[in-house]
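Examining the three-dimensional arrangement
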Amino acid sequence: KESNAVMCDEPLPSGWARYYDAGNEQHYYVNAKTSQRTWRRPDTDPYYIDTDLFLEFSPGEMAKFRELYHELDYDQSGAVNEEELKSILPRIGEKLSVRDVEWLFFQCDEDESGELDYEEFVRMLLRLKQERMK
């Protein structure tokens, strides 16, 4: 784990700026593209995703995805495995065969960890959205 001093010296993700709230005596972060605000440095937030990916969905969709992901992560590991994913897809209207879910999971597990982190999960949902639009 890196110290706070090192974390503060690292550049913020694209589109983010840091401000100081004198009343609360702490920094907060604002995304210029989405107007999203957070007290946590965005790249340390487990639900942080790239701004361009965030903009592919409405704020309501993003809130639903975050809720689903948290609910889906049964073991609270911070990642979703293939079995956890299979249980949630029908609830979001996706009727895929077991083989299709396995393929989708393999394609979206970018770091080959055997689990989907939140950004990989949202990228998977974008892939499904784009397929429906074809």
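Residues numbered from 1 in each chain as written. Predicted model: local features only at pLDDT ≥ 70, side-chain atom pairs only at ≥ 80, totals over all residues. Heavy atoms only, no water.

1. Things to note about the packing of aromatic side chains
Here the structure, examined in full by the defined rule, presents eight aromatic pairs. When the centroid spacing of 5.1 Å and the interplanar angle of 80° are considered together, the rings of Tyr47 and Tyr118 count as edge-to-face. Of the two residues, Tyr47 is situated in the loop between β3 (37–38) and α2 (51–54) and Tyr118 in helix α6 (residues 118–133); the sequence distance between them amounts to 71 residues. On the basis of an interplanar angle of 75° and a centroid distance of 5.2 Å, the ring pair of Tyr69 and Tyr118 is categorised as edge-to-face. Of this pair, Tyr69 sits in helix α3 (residues 59–72) while Tyr118 sits in helix α6; the two residues are 49 residues apart in sequence, bridging distant segments of the chain. (Phe/Tyr/Trp six-rings, centres within 6.5 Å; stacked < 30°, edge-to-face > 60°. Helix = DSSP H or I, 4+ residues; strand = E, 2+ residues; numbered from the N terminus.)

2. Quick look at the side chain of Glu84
Mapped onto the elements of the fold, Glu84 is located in helix α4 (residues 82–88). Salt bridges are absent for the buried Glu84, whose nearest opposite-charge side chain, Arg91, sits at 12 Å. Among residues more than four places away in sequence, those in contact with Glu84 are Leu72, Asp73, Tyr74, Asp75 and Ala79. (Buried < 20%, exposed > 50% of the residue type's maximum accessible area, 1.4 Å probe, protein only. Lys, Arg positive; Asp, Glu negative; His and termini not counted. Salt bridge = Lys/Arg side-chain N within 4 Å of Asp/Glu carboxyl O. Contact = heavy atoms within 4.5 Å.)

So yeah, pure geometry; function would need other evidence.
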